[in-house]
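Here is how the chains run, residue by residue.
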Amino acid sequence: MAKRKIRVMVAKPGLDGHDRGARVLARCFRDAGFEVIYTGCHQTPAQIAASAIQEDVDLVGLSCLSGAHRYLFPQVVNLLKEKGADDITVIGGGIIPNQDFQKLYDAGIKAIFVPGTTLDTIVNWVNKNVKPVERK
Amino acid sequence: MERGDKIKAGDVRTASRLIRDIEDSIPEAKATIKHIFPYTGKAQVVGITGSPGAGKSTIVDGLIETSRKKEQTVGVLAVDPTSPFTGGATLGDRIRMQRHSEDIGVFIRSLATRGSLGGLSKAVGDAIHVMDAMGKDVIFVETVGTGQQEVEIIHYAHTVIVVLVPGMGDEIQAIKAGIMEIADIFVINKADRDGAQKLQRELMTMIEMSHIPPGGWKPPVLTIRNSFKPEEFEQDLRTLSAKVREHYDFLISSDLIGDRQKRKRLHELNEAIRFSILEPVLEMLVKTGELDSMVEKLVKKESDPASLAEEIAKKYLQGCF
Ligand code: B12
Ligand SMILES: Nc1nc2c(ncn2[C@@H]2O[C@H](COP(=O)(O)OP(=O)(O)OP(=O)(O)O)[C@@H](O)[C@H]2O)c(=O)[nH]1
Ligand SMILES: [Mg+2]
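Each value, and the rule that gives it
- Residues numbered from 1 in each chain as written.
- Chains lettered and ligands numbered in written order.
- Predicted model: local features only at pLDDT ≥ 70, side-chain atom pairs only at ≥ 80, totals over all residues.
- Heavy atoms only, no water.
- Contact = heavy atoms within 4.5 Å.
- Buried area = accessible area lost by both parts, 1.4 Å probe.
- Salt bridge = Lys/Arg side-chain N within 4 Å of Asp/Glu carboxyl O.
- Polar contact = N/O pair within 3.5 Å; in protein donor to acceptor, adjacent residues only side chain to side chain.
- Helix = DSSP H or I, 4+ residues; strand = E, 2+ residues; numbered from the N terminus.
- Nonpolar A, V, L, I, M, F, W, Y, C, P; charged D, E, K, R; others polar.
- Near = heavy atom within 4 Å.
- Areas by Shrake-Rupley, 256 points an atom, 1.4 Å probe, with all protein chains shown as cover.
- Donors = N, O, S within 2.8 Å, 3.2 Å for Na, K, Ca; no water.
- Buried < 20%, exposed > 50% of the residue type's maximum accessible area, 1.4 Å probe, protein only.
- Domains from an automatic or database assignment.
- pLDDT = per-residue confidence, 0-100.

Taken together, the contact between chain B and chain A spans 30 residues of the former and 35 residues of the latter. Both faces considered, chain B and chain A share a buried interface measuring about 2800 Å² in area, 44% of it formed by carbon and sulfur atoms. On the chain B side of the interface with chain A, the three residues burying the most area are R13(B), R20(B) and Q98(B), jointly 24% of the side's total. In this assembly, chain B and chain A are joined by nine salt bridges. The tally of links between chain B and chain A comes to 26 residue pairs in polar contact (both at pLDDT 80 or more). When residues in the side of chain B that touches chain A are grouped by element, the largest group, seven residues, is from helix 2 (residues 12-23) of chain B. Considering only residue class, the side of chain B that touches chain A consists of ten nonpolar, nine polar and eleven charged.

This next bit is on the site of ligand 2. Residue and element names in this part refer to chain B. As a matter of local geometry, ligand 2 sits amid 16 residues, with K56, S57, T58, R96 and S227 nearest to it. Here an oxygen atom of ligand 2 and a backbone polar atom of G55 are 2.9 Å apart. With the chains in place, 77% of the 650 Å² that ligand 2 exposes on its own is no longer accessible. Residues of the shell around ligand 2, tallied by class, amount to three nonpolar, eight polar and five charged.

Residue and element names in this part refer to chain B. Around the magnesium ion (ligand 3), the protein contributes the donor atoms S57 (OG), D93 (OD) and E142 (OE), which lie 2.0 to 2.2 Å from the metal centre. Each donor residue of the magnesium ion (ligand 3) belongs to the same chain, and together they define the spacing S-x35-D-x48-E. A residue pair is termed long-range when its members are at least 10 positions apart, and D93 in the loop between strand 3 (89-91) and strand 4 (106-112) and E142 in strand 5 (residues 138-142) qualify at 49 residues. Judged by its relative accessible area of 8%, D93 falls in the buried class.

Once that is clear, we can look at the environment of A313(B). All names here are of chain B. Relative to the helices and strands, A313 resides in helix 12 (residues 305-316). The exposure class assigned to A313 is buried, which follows from its relative accessible area of 10%. It is 40 Å that separates the C-alpha atoms of A313 and R109, two residues lying 204 residues apart in sequence.

This paragraph deals with the domain arrangement of chain B. By the assigned domains, chain B splits into domain 1 (41-254) and domain 2 (269-316). Computed from C-alpha atoms alone, the centre-to-centre distance between domain 1 of chain B and domain 2 of chain B is 39 Å.

A word on the confidence of the model for chain B. Residues and elements named next belong to chain B. Confidence in the prediction of chain B, expressed as mean pLDDT, is 89, and 94% of residues score 70 or more. Per-element averaging of pLDDT across chain B places helix 6 (residues 171-176) at the bottom with 60 and strand 4 at the top with 98. Across the whole predicted complex the pTM is 0.92, and at the interface the ipTM reaches 0.95.

Residues and elements named next belong to chain A. Every one of the 24 residues lining ligand 1 counts as a neighbour, but G17, H18, D19, L65 and T117 are closest to it. Contact between ligand 1 and H18: a nitrogen atom at 2.7 Å from a side-chain N or O atom of the residue. Within the backbone of P115, a nitrogen or oxygen atom sits 3.3 Å from an oxygen atom of ligand 1. Contributions of two or more residues to the shell around ligand 1 are made by helix 1 (20-31), strand 3 (59-64) and strand 4 (89-94). It is strand 4 that provides the largest number of residues to the shell around ligand 1, a total of four residues. Residues of the shell around ligand 1, tallied by class, amount to nine nonpolar, twelve polar and three charged.

This is the structure we're talking about:
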């Protein structure tokens, strides 16, 4: 039997056009052996949630450098919950001030990564915390 | 509710997970496919192939739009290559179709090739069944960016669209070998570029010279001017969509649909035989160590491959010999 593959989605919610980090991440996830769906910029939380379900991903990674994460990240979590897909892990990254971390954790974001984080750190976190299919 | 019933009721989560189980070769998935098989065969399957970056996804996005305007429900299977080095894959076709992601009449699922060489994933046949059983009216299958050999789409689609772009050098040379034979419709994309007319002329000449039987389908050569100009794009896409319909109607009226259906089914049976007969036997040979000792024999010239294969058949496939 083949081994289960981790499927992840990297998404950029809102109007933020800083896509370099998201692209770097998509590539690094691919190199880590994951199947990566990249949605491109300017996605609404609803688009992200719907896509995650259609693609049966284990993880949604949100990237935001514009400051709108406070509003956008929790929305994605809530929409997934509404659709009965709260077993999908949601993490985030970008320009996120320290004081926002706890609010985001409380809202259901499982981890946050800021500039300067090595890609190894991120991949290791995913390998440790995300089990394909048998999630959570 | 049984998994198969949920699929029939159109449940996207269940469907996407089933497709995943098929990709991951989970044995239980086969049972569900058996269950839904009687409910398949209704959807129109359209294949889109062509060189990397030719605009396949952009065209699928446009075709989704025209289908939705006709109130058809749509399934999309978009295949991208798996990296042979890491086993990972970037599935990027979806980016071009995101405006439809919230439309509940549209189900888009990306697939990685996972080592398949024909331009598709080995799960694609069953994935089509899944979307078909969900009741999708049309299913678009986008292959990976192809060269010349990746013609497997022919086994799955009623209609194959081959997308070409001008100015890529020896397009004609490339399509002569293989892709040419599988096209039901040619599309020249980015036709606002230099060389589009020349390409169109060359293609048409080639089609004229090919041997189309009397009453057969002559592949039309359409153009799409520029996907960045919405009105032009929509207009060109309507023409394409109408041609796809025309080809489907032609298959039905000329009774060729039966032939295509048979071709699809034969291919599926071939695959199933490989899966149910060949693979278990190979697995057995590996497990018992027979395979190794046979290779030894061949190296020492104590036997030959054909004799060994006959030996295997006598041992494992009683009744055949
Ligand atoms: C490059 C850059 C640009 C480029 C963007 C190019 C592109 N296509 O990406 C350009 C020049 C276009 C640009 C424009 C703007 N920018 Co700018 N830009 C930057 C800059 C210098 C670097 C960003 C970058 O690419 N980093 C490299 C990548 C690899 O890092 P990263 O994205 O941070 O990702 C890492 C981590 O954050 C984390 N990560 C990120 N996302 C995710 C997601 C997940 C799931 C995970 C696990 C991890 C993760 O992992 C990565 C690896 O460590 C930053 C400053 C900075 N040092 O961050 C400002 C910065 C982001 N920009 C800023 C601003 C204000 C703008 C503009 C509004 C400027 C203007 N007035 O026009 C515009 C807006 C553009 C738009 N449409 O949104 C501000 C944002 C301020 C804020 N949030 O409060 C910053 C912080 C500069 C500043 N100090 O003021 N920008
Ligand atoms: N100039 C121009 N660019 C186009 C046109 N159609 C698509 N493109 C661009 O061509 C690039 C590739 O388009 P896609 O639709 O992703 O092509 P594809 O064939 O699906 O690509 P792969 O799946 O990667 O093989 C994108 O940057 C599109 O924006 C067009 O009509 N004119
Ligand atoms: Mg594509």
